[in-house]
Amino acid sequence: QITVGVLALQGGVIEHISLLQKAAAQLSSQQSTESSSTSTPQFTFIQVRTTAQLSQCDALIIPGGESTTMAIVARRLGLLDPLREFVKVQHKPTWGTCAGLVMLASAASATKQGGQELIGGLDVKVLRNRYGTQIQSFVGDLRLPFLEEEKPFRGVFIRAPVVEEIMTSGSSASGNTQDGSEAGQGGDEIAKLKERQRTEKVEVLGTYPKPQGTGEGEDIVAVRQGNVFGTSFHPELTDDVRIHVWWLKQVVERLR
Ligand code: GLN
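Residues numbered from 1 in each chain as written. Predicted model: local features only at pLDDT ≥ 70, side-chain atom pairs only at ≥ 80, totals over all residues.

### Overview of the environment of Val223
No. 1: Assignment of secondary structure puts Val223 in strand E11 (residues 218-225).
No. 2: Counting along the chain gives 15 residues from Val223 to Tyr208, while the straight-line C-alpha distance between them is 12 Å. (Helix = DSSP H or I, 4+ residues; strand = E, 2+ residues; numbered from the N terminus.)

Shown next as structure tokens:
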């Protein structure tokens with residue numbers, strides 16, 4: 001029995017839950033056709049708005065939406081430090097999509113006055129709103145090597161961030177805040193002390209060509225570091241369950 005939460009302060013919550021349900025159904029039907037001895041566990045999916053709900057979760061999705069708003073609401077509800085603990089001390093599997101990726105980064109740029117609070121967990125710096133405003137939203141075909149199938153994944157990019165820098169050990173801001181505007185929070189200090197030394201490195205799991213006029217090469221749009229996974233785009237806004245299926249399998253593996 002595995003409980004997967006979706007942080008439900010703001011953003012695309014229902015969409016994730018419905019795709020998770022489809023993904024779980026697919027996993028259990030795969031399971032019934034394979035005659036392997038390791039059984040797929042039962043999943044329960046819940047919305048998370050309180051620390052009590054968070055503590056029931058074995059894994060968590062942080063949806064898209066607006067990361068500054070999400071951080072403000074999380075702080076007010078007393079969820080920010082428990083979320084940091086969940087990701088960085090308990091090392092539970094956590095996936096952030098779009099604004100969720102911003103929340104899981106150590107640092108964010110293109111952020112207004114005074115920075116914004118982050119959860120951290122990925123030793124990366126993200127560039128917010130990489131592709132411009134809402135009307136510049138687009139759907140792009142992604143080749144994601146971790147999905148064994150050839151068929152490209154239709155990536156929905158809405159005011160999407162990209163990973164602009166992978167931090168090497170020692171340069172990470174540990175995901176407290178963009179500008180250090182929250183120094184001296186007791187809970188953070190404790191969390192930092194308890195933070196285990198990271199041995200896992202940031203892996204790039206997906207890239208997308210840079211927009212015209214912004215240089216050569218590809219932007220990083222999917223990363224994983226140990227228990228933490230982040231995507232710039234919104235798989236929950238498609239009916240393609242492949243990434244949700246893949247992630248649920250990762251969750252099962254990590255909790256085994
Ligand atoms: N631009 C938003 C942010 O920085 C993310 C947008 C989204 O999640 N679709 O938080």
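### Observations concerning the site of the ligand
No. 1: All residues in the neighbourhood of the ligand are listed as Gly64, Gly65, Glu66, Ser67, Cys98, Ala99, Val102, Arg128, Asn129, Ile158, Arg159 and Pro161.
No. 2: Taken together, the residues of the shell around the ligand sort by class into five nonpolar, four polar and three charged. (Near = placed C-beta within 6 Å. Nonpolar A, V, L, I, M, F, W, Y, C, P; charged D, E, K, R; others polar.)

### Section: the UniProt feature "binding site: L-glutamine" (unreviewed entry) in the chain
No. 1: The UniProt feature table records "binding site: L-glutamine" (unreviewed entry) at Gly65, Glu66, Ser67, Arg128, Ile158 and Arg159. Maximum C-alpha separation among the annotated residues is 12.9 Å over a sequence range of 95 residues, consistent with a single clustered spot.
No. 2: Assignment of secondary structure puts Gly65 in the loop between strand E3 (59-62) and helix H3 (67-76).
No. 3: According to the C-beta neighbour criterion, Gly65 is buried, with 22 such atoms within 10 Å.
No. 4: If we skip the residues at most four places from it in the chain, Gly65 touches Gln10, Gly11, Gly12, Met70 and Ala99.
No. 5: On the secondary structure map, Glu66 appears in the loop between E3 and H3.
No. 6: Residue Glu66 is classed as partly exposed on the basis of its C-beta count, with 15 C-beta atoms lying within 10 Å.
No. 7: Setting aside anything within four residues of it in sequence, one finds Glu66 in contact with Gln10 and Ala99. (UniProt positions renumbered as here; feature names shortened; annotations may be inferred. Buried ≥ 20, exposed ≤ 12 C-beta atoms within 10 Å, placed from the backbone. Contact = placed C-beta atoms within 7 Å.)

### What to know about the UniProt feature "active site" (unreviewed entry) in the chain
No. 1: Mapped onto this numbering, the UniProt entry annotates "active site" (unreviewed entry) at Cys98, His234 and Glu236. The greatest C-alpha distance among the residues just named is 10.8 Å, despite their covering 139 residues of sequence, which places them together in space.
No. 2: In this structure, Cys98 sits in the loop between strand E4 (94-97) and helix H5 (99-104).
No. 3: The class for Cys98 is buried, based on 29 C-beta atoms found within 10 Å.
No. 4: If near-sequence neighbours (up to four positions away) are discounted, Cys98 is found in contact with Gly64, Ile158, Ala160, Pro161, Ser232, Phe233 and His234.
No. 5: Relative to the assigned elements, Glu236 resides in the loop between strand E12 (228-231) and helix H7 (242-255).
No. 6: Excluding residues that lie within four positions of it along the chain, Glu236 makes contacts with Gly12, Glu15, His16, Leu19, Pro63 and Thr97.

### Some remarks on helix H4 (residues 80-89)
No. 1: Counting buried positions along H4 yields eight of 10 residues, so the element is predominantly enclosed.
No. 2: Taken residue by residue, H4 has Leu80, Pro82, Leu83, Arg84, Glu85, Phe86, Val87 and Lys88 as its buried positions.
No. 3: Remark: His91 follows H4 within two positions and exhibits a positive phi of approximately 55 degrees.

### Structural notes on the packing of helix H1 (residues 13-33) against H7
No. 1: Two numbers describe how H1 lies on H7: the axes approach to 9 Å, and their chain directions differ by 70 degrees. Taken together, the axes of H1 and H7 are roughly perpendicular relative to one another. Note that H1 runs across H7; the crossing there is right-handed. Where H1 approaches H7, its residues Leu19, Leu20, Ala23, Ala24, Gln26 and Leu27 are matched on the opposing element by His244, Val245 and Leu248. (Axes fitted to C-alpha atoms, helices over the stretch in contact; angles between N-to-C directions. Parallel < 35°, antiparallel > 145°, perpendicular 65-115°, else oblique. Left-handed = near helix turned anticlockwise from the far one by under 90°.)

### A closer look at unusual backbone geometry
No. 1: In this structure, His91 is a non-glycine residue whose phi angle is positive, near 55 degrees.
No. 2: Here His91 is to be found in the loop between H4 and E4.
No. 3: The phi angle at Asn129 is positive, at roughly 50 degrees, despite the residue not being glycine.
No. 4: With respect to the helices and strands, Asn129 occurs in the loop between strand E6 (122-127) and strand E7 (138-142).

### A word on the pairing of E4
The side chains of a regular strand alternate, residue by residue, between the two faces of the sheet.
No. 1: The side-chain alternation of E4 yields two buried faces, one formed by Thr94 and Gly96 and the other by Trp95 and Thr97.
No. 2: In terms of strand pairing, E3 meets E4 through three bridges, oriented parallel. Each bridged residue has a counterpart across the sheet, and for Ile62 the counterpart in E4 is Gly96.
No. 3: Sheet analysis places E4 next to E12, joined by four bridges and oriented parallel. If you follow Gly96 over to E12, its bridge partner there is Gly230. (Pairing = 2+ DSSP bridges.)

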